[in-house]
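Residues per chain are reported as follows:
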Amino acid sequence: MAHSREITNIDATRSNAVEDLKLTVSSASSLPRTSFFHESSKTFVVLRTSGLTLRTEVAERSRSPRWEKEFNLRGDDSTVMKVELHVLRRFGFSRSEQLVGAAEVRFEEIREKQRQAHEEDIDFITFDLPLACSELSGPQPVLSLRVHRGSAPPKPILHTAQALVSSARNDIQMMKTGPTLPGTPTGVSDIGSTAQNAAKAVGSAKEVKALYESALASVEVFVKMVDAFADIHPYAKAAWTVLSAGYKVAIIQKERDSALSELLESMSTALDFICRFDKTALHEDDKRVILQVAKKTNECALFIEKYCITKSFALRAAKGIFSSDGDEIVRFKNDFDLLRKNMDTSAILSLTEGLSGVNRDLYNIGEDMKGIARDVDRTALAVDRTAQMAILDRLPYAAGASWCPESGCFSDTREALLEEIMNWIRETSASSGAEILCLTGVAGSGKSAIAHTIARRCYEEGILASSFFFNREFEERSRPDKLLSTMTRDLARHPDIRNQISSVLEADQSLATASLSRQFTPLIVEPCRRHTFDNPAVFVLDALDEVSNTHDVLKIFRDDFPKLPRAFRLFTTSRDIPDLDMYLSRSAHVCMRTIDLDAGVNLDDLRIYILWRFGEVAQKLGLGPSWPDQGLKDMVVSKAQGLFQWAVAVFQALEYAYDPTAVLEALLAGLQTGLSPEAKMDEIYTKVLQAYSWNDLGFRRDYTLLIGSILAAKIPLSASALQTLHPEIPSVHKLLSRLGALLTGWRDPNQPVRILHLSLRDFLTARASDSAPFHIHEKDHNRRLGLLCLAFLNENLKPDTPGTGYLQLDSPGIPVVSKQKVLEVLWYACEFWAAHVLEFEAPAPPELFELLRNFLSTRLISWLEVCTSVGMFKGTQHVKTWIQRVFPEDIGLLNDDLNRRLGSALINVSERLSYMDRREEALLAIQEAVGLRRMIEGEPTSVKKDLASSLHNLSIRLSDVGRREDALAVSREAAELRRQLAEDHPAEFNPDLAQSLNSLSICLSSLGQREDALAAVREAVDLYRQLARDRPAAFTPDLAISLSVFSNCLSDLGQREDALAAVREAVDLHRQLAQDRPAAFSHNLALSLNNLSCRLSDLGQQEDALTATREAVDLYRRLARDRPAAFNADLALSLHNLSVDLSALHRREEALAAVKEAVELRRPLAKEIPAVFQSDFVGSLRHLSWILQMLGQKDDAVAAEQEADVLDSPGAPSA
């Protein structure tokens, strides 16, 4: 690998190739402006060489900062040093670093300047290093560096090699045990004795190994203990997989480190032989061989040095630095072969054999490392997949929309058509893009059964990309909203496609719920075009005619679907609707195919199905194997005329008949010929329906009520729910059994009842004559269900209903109630009453007015509670708009009293939703509350007070979702209203004004308007001091919060001493409050402690800063343990600051642990609400990278820095 190649290429004639270099970072000039608020910034310089990171102190703000920091560097001439200039920045309460410019310089260049200093006999050479600064405008920064000449003269090559052997031996011992073993004595002139001393010191390696094995034994006991708990939670399982993989790496690493010790022993022995001959070598060949072997020993020592720099097992295992060592050992052997010609042959051969053994060991180690790399890769892939799936979960997935094995074609039917479709799928396309096959047919021709069968066969062949079966009876499957998101999640089973999709969603979260036209290309086309498909990839879509709005879907199929790779096929079915001809029929990539009902193969398939169903009915009803006679069987086959659904309707009627033969004969009697397929279906439905007792007025009434409700329901209801809604029907179950020929799912009282087929729905609601007793006016029943729902809510939504009453409680939050704990009808009424009622137009019936008046006056708030507790808060604005349109003169429905009650309830709901971290819902609730309070008329002072209060809350909710500009505008309005009120009534409204000023200051500060922010909070502090002086119990908490904000504003403007004084006062006040009421004020104390830590750190009081941060972390841990959604962000902030404080005190291992935890907490927050949390997440990533660099974990550091760079770039994706 790269490491071994670098070592091999070192020039052995450069005797001082690894001698120390002394370099001073002096100053910088021509710095660009990196802050909007300051002409200059605090800066520091970072030097990075292989495995080592060095850093200057932070210079004060200046356009030409100075450090005068001296460093000792070590490396060969090929070593590259990266020089970076950073500025220190602060975002809110956290600190971060920004790279301003960087450059690279080789040690060879620095040594050249060192030699120049020797030649000129001066102490140092000064040179300027320009820094690349591509992302910033303005001048190019320049660093001034000094290279010191040093004092040590060049050393002989063998002396250097011997020193390196000793150093390597120490490196290995330190790597294994931590403490350094005794080094090679300095000042020894005899090289041979020095080598013997080195070899003797290596003898302690076995003791180190024994100690090391004992430590690993302890790890093994821990492994066995924890492994029993790994199934507690999937995330714990994944975490333990990583830990146990690390343990396995450690076991193999133990063997690899031992082999390295043996290599060191071989090197020492080799050097001992060489040194014996060094003084007596007479021939040039001898000297040349000695020089070459010395070079090889030198290289191996450097190899060990680089290997041992990394003390961490995980990083040593991850660095594949052994891959090309076999060739090096062979070259080493060849050198000794030449030496053997002139010197002690037996000794050289013995050395060669020893080196061959090391060669074998290194080969085995290399193979072990390959296995470890594979394990690490598999673990990383598993972690990546978990993270990606969490992102994909944002995409809505349509439940129940996939294919069903029970809904396919009957065995041995449709084989010719199915094979034709499968051949089309499998054949190589002549076009360059994807193709579509659209199968059309009349209702009842078996299209859906064919689609289910094709989906099943594609699934079995491993080529099904996704399937979606539209169904008008299910709300989410009658609209195309979830079509592409469902297809996208199905495609994500391919790892590279999943990776691309998750990246796209990270970049633009709005795509999850965007329009179809926005979703298709980034979520489906682009990820699929980057994937190589060896086999067809098939989408199966059924019943396009049942989509509520087909235009968007068909437009995508026409214009965008061909952009997919040619491996893609879309098989879709539909009735022959005009939109198909408009969008698809003229497209070259679309093949239209129609089911020919009269085709011989279709008729044969239908005959097989009919004969099988006769046998099934005969067996179920005990009619004997010969039922019915052959004449009736042939007649059914003949009359069906290729329509499968016609036959289904006949057999559905026979299954529920008292006399199946008589019913069959009646159905077949008088059937007309020459009808269209649709007319034939209508004819058989009419025959089935006419058999009912329409002269029985009770049956006729109950049929209309029940079937009307089944057809109008927004989702299918169970028989029990239908009975509850229709108490006037004596027995819904009995009636359903009589109507069994028309329905499915009615036998189980708790299962949803559905109409037999879409064609029957269309017949009953659209094609049947209005005068027919079985005709259903669906819109009338839609409205009737609205009245039933309102009546049911008025009667049954009571104080003991699950999910009600919590708005009257002092406890925060919203109880989460399962839908199963609420009566089915009550849940349906809460969810869909508005959808049904909105079907009414003016003039509305008086019954509706009374039901609404009762509901709005007595049940509205309880309904709001249940909806928010069981599901999502969806708002009430659409209902209010409808009431204003339908009841324009009945202003009593929406009076000021209702607006006040609803407004107060919405504010309460908003605060509770915010407590639950349901931010978008909380914002919607407070927005509606503000809208209501703007409408209220009354006494001006009271109206202004309520409006200002709701505006204050709206500003906070807007800030919570990252809408800072909107939050500032609303906060200004609230402050202005409260200032007007305070001018006339200061005693009453000064507290409210102080609250708004505090909030306004935070909004201004978040947008960088720091002078205005300080002015606002200074006024707030003055008001609170006066209020707390008169009423300390009431206003001390507000004063403490305001002082904390005041401290931040002072710090932002560089007034550090005043900022520290303010936050100390805030901490003292909060500590007193938290002692008396910890549940109420622990959060505020933790916040003030966090700020105190920042102020102390600003003034260089690092130990005190660390103490404050630790206390804040402890408080936030307890808070987050009970309410993670509310306090994880605060805990992450305090952990980040803890890491900064620990790092400043050079406690880097502890700092690393803290910032890792902060990163893991901030990552999901940044994904969820990037506008609020992404900048903090980036700051933690950069700090993590810096600490990893300081600890020598270069690869991990680079990965963290690269992730931060991606997120911090213009137009960057979200985390």
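Definitions and limits used
Residues numbered from 1 in each chain as written. Predicted model: local features only at pLDDT ≥ 70, side-chain atom pairs only at ≥ 80, totals over all residues. Heavy atoms only, no water. Helix = DSSP H or I, 4+ residues; strand = E, 2+ residues; numbered from the N terminus. Buried < 20%, exposed > 50% of the residue type's maximum accessible area, 1.4 Å probe, protein only. Contact = heavy atoms within 4.5 Å. Areas by Shrake-Rupley, 256 points an atom, 1.4 Å probe, with all protein chains shown as cover. Pairing = 2+ DSSP bridges. Axes fitted to C-alpha atoms, helices over the stretch in contact; angles between N-to-C directions. Salt bridge = Lys/Arg side-chain N within 4 Å of Asp/Glu carboxyl O. Parallel < 35°, antiparallel > 145°, perpendicular 65-115°, else oblique. Left-handed = near helix turned anticlockwise from the far one by under 90°. Nonpolar A, V, L, I, M, F, W, Y, C, P; charged D, E, K, R; others polar. Phe/Tyr/Trp six-rings, centres within 6.5 Å; stacked < 30°, edge-to-face > 60°. Lys NZ or Arg CZ within 6 Å of the ring centre and 35° of its normal. Core = buried A, V, L, I, M, F, W, Y, C linked by side-chain atoms within 4.5 Å. Arc of directions from axis to C-beta. Polar contact = N/O pair within 3.5 Å; in protein donor to acceptor, adjacent residues only side chain to side chain.

- Going by the annotation in an unreviewed UniProt entry, the name recorded for the chain is C2 domain-containing protein, with Botryobasidium botryosum given as the source organism.

**A short note on the overall build of the chain**
- When you go through the chain residue by residue, the secondary structure sums to 46 helices and 15 strands.
- Counting every position in the chain, which comprises 1215 residues, the buried fraction comes to 52%.
- For the chain, contacts bridging at least 24 residues in sequence account for 73% of all contacts bridging at least 6.
- As displayed, the chain has an accessible area near 54,500 Å², and 52% of this comes from carbon and sulfur atoms.

**Notes on the side chain of Ser26**
- Mapping Ser26 onto the fold places it in strand E1 (residues 21-29).
- Not counting the four nearest positions on each side in its chain, Ser26 is found in contact with Arg66, Trp67, Glu68, Ser144 and Arg146.

**Focus: the sheet that holds E1**
- Spatially, E4-E1-E8-E7 is the arrangement adopted by the 4 strands of the open sheet, whose pairing is antiparallel. Looking along the sheet, the strands with just one partner apiece sit at the ends: strand E4 (66-73) and strand E7 (124-130). Within the sheet, the average angular offset between the axes of one strand and its neighbour, ignoring direction, is 25°.
- Pairing between E1 and strand E8 (residues 142-148): 6 bridges, direction antiparallel.

**Examining the pattern of salt bridges**
- Scanning the model with the defined rule gives 48 salt bridges in all.
- Glu778 is the salt-bridge partner of Arg761, the closest N and O atoms lying 3.3 Å from each other. Of this pair, Arg761 sits in helix H27 (residues 758-767) while Glu778 sits in helix H28 (residues 778-796); the two residues are 17 residues apart in sequence, bridging distant segments of the chain.
- Taking relative accessible area as the criterion, Glu778 reaches 28% and is therefore assigned partly exposed.

**Here we look at the environment of Ala1108**
- Considering the arrangement of structural elements, one finds Ala1108 in helix H42 (residues 1102-1122).
- Classification of Ala1108 by relative accessible area gives buried; the value is 6%.
- In the structure, Ala1108 is positioned 30 residues away from Leu1138 in sequence and 9.1 Å away in space, judged by C-alpha atoms.
- Apart from residues lying up to four places away in sequence, Ala1108 is in contact with Leu1089, Leu1092 and Ser1093.

**Digging into unusual backbone geometry**
- The linkage connecting Trp627 with the following residue, Pro628, adopts the cis geometry, with an omega of -20°.
- In this structure, Pro628 sits in the loop between helix H19 (600-621) and helix H20 (630-640).
- The omega torsion of the bond from Ala842 to Pro843 falls at 0°, within 30 degrees of zero and hence cis.
- Mapped onto the elements of the fold, Pro843 is located in the loop between helix H29 (824-837) and helix H30 (846-858).
- Positive phi, close to 55°, is recorded for Asp121, a residue that is not glycine.
- Structurally, the position occupied by Asp121 is in the loop between helix H2 (107-120) and E7.
- By relative accessible area, Asp121 is classed as exposed at 55%.
- The phi dihedral of Asp917 falls on the positive side, at around 65°, and the residue is not glycine.

**Quick word on the packing of helix H43 (residues 1124-1144) against helix H44 (residues 1148-1168)**
- With their axes 8 Å apart at the nearest point, H43 and H44 run at an angle of 155° to one another. Regarding the angle of H43 to H44, the classification is roughly antiparallel. Once H43 is placed against H44, the crossing between them reads as left-handed. In this structure, H43 contributes Asn1128, Ala1129, Leu1131, Ala1132, Leu1133, Leu1135, His1136, Leu1138, Ser1139, Leu1142 and Ser1143 to the contact, and H44 contributes Glu1150, Ala1151, Ala1154, Val1155, Glu1157, Ala1158, Leu1161, Arg1162 and Leu1165.
- Of the residues belonging to the contact of H43 with H44, the class tally is 13 nonpolar, 4 polar and 3 charged.

**Quick word on the sheet that holds strand E11 (residues 537-542)**
- Judged by pairing direction, the sheet is parallel, and its 5 strands sit side by side in the order E10-E11-E12-E9-E13 without closing on themselves. Each of the sheet's edge strands pairs with one partner strand only, and the pair in question is strand E10 (464-469) and strand E13 (590-594). Each adjacent strand pair in this sheet contributes to an overall mean axis angle of 15°, direction not counted.
- The sheet contact formed by E11 and strand E12 (residues 568-574) spans 5 bridges and is parallel. The residue bridging Val538 from the neighbouring strand is Arg569, located in E12.

**So, the packing of aromatic side chains**
- Per the stated rule, a full pass over the model turns up 28 aromatic pairs.
- When the centroid spacing of 4.9 Å and the interplanar angle of 80° are considered together, the rings of Phe614 and Phe651 count as edge-to-face. In this pair, Phe614 sits in helix H19 while Phe651 sits in helix H21 (residues 644-655), placing the two residues 37 residues apart along the sequence. By the burial criterion, Phe614 is buried, and Phe651 matches it.
- Ring pairs connect the aromatic residues Tyr685, Tyr692, Trp694, Phe699, Tyr703, Phe763 and Phe774, which therefore count as one cluster.
- Across from the ring centre of Phe44, 3.9 Å away, lies the NZ or CZ of Arg55, which sits over that ring.
- Above the face of the Phe127 ring, Lys113 is positioned so that its terminal group lies 4.8 Å from the ring centre.

**Considering the packing of helix H39 (residues 1032-1052) against helix H41 (residues 1078-1098)**
- Taken N-terminus to C-terminus, the directions of H39 and H41 make an angle of 25°; their axes are 10 Å apart at the nearest point. One element, H39, and the other, H41, form an angle in the roughly parallel class. Our pair here, H39 against H41, has a crossing hand that is left-handed. Taking contact as the criterion, the partners of Pro1037, Ile1041, Ser1044, Ser1047, Asn1048 and Ser1051 in H39 are, on H41, Phe1081, Asn1084, Ser1088, Asn1091, Arg1095 and Asp1098.
- For the contact of H39 with H41, the residue count by class is 3 nonpolar, 7 polar and 2 charged.

**Digging into helix H14 (residues 483-491)**
- Most of H14 sits inside the fold, with 8 of its 9 residues counted as buried.
- For H14, the full list of buried residues reads Leu483, Leu484, Ser485, Thr486, Met487, Thr488, Asp490 and Leu491.
- Packing partners of the buried residues in H14 comprise E10, helix H15 (495-507), helix H16 (516-529), E11, helix H17 (550-559) and E12.

**Observations concerning the nonpolar core**
- In this structure, Tyr703, Leu764 and Trp833 are the most contacted members of the largest nonpolar core, which totals 187 residues.
- Ranked by residue count, the leading element in this core is H29, at 10 residues.
- Setting aside residues up to four positions removed in sequence, Leu764 forms contacts with Leu689, Tyr703, Ile707, Leu711, Ile755, Phe774, His775 and Ile776.
- Formed by 51 residues, the second largest nonpolar core is a distinct cluster that contains Ala1108, Tyr1116, Leu1135 and Ile1169.

**Regarding helix H22 (residues 660-668)**
- Pro660, Leu664, Leu667 and Leu668 are the residues of H22 that are buried. Down the axis, H22 shows its buried residues gathered within 95° of arc, on one side only.
- Buried residues belonging to H22 abut H19, H20, H21 and helix H23 (677-690).

**Some thoughts on the environment of Arg530**
- If you trace the backbone, Arg530 turns up in the loop between H16 and E11.
- Each C-alpha atom of the pair Arg530 and Ile497 lies 7.6 Å from the other, and the pair is 33 residues apart in sequence.
- With near-sequence residues (within four places) excluded, Arg530 lies in contact with Asp496 and Gln500.
- Among the polar contacts listed, one links the side chain of Arg530 to the side chain of Gln500, at a separation of 3.0 Å.

**Details of the side chain of Thr49**
- Residue position: Thr49 is located in strand E2 (residues 42-49).
- Apart from the residues within four sequence positions on either side, Thr49 is in contact with Thr79, Val80, Met81 and Phe107.

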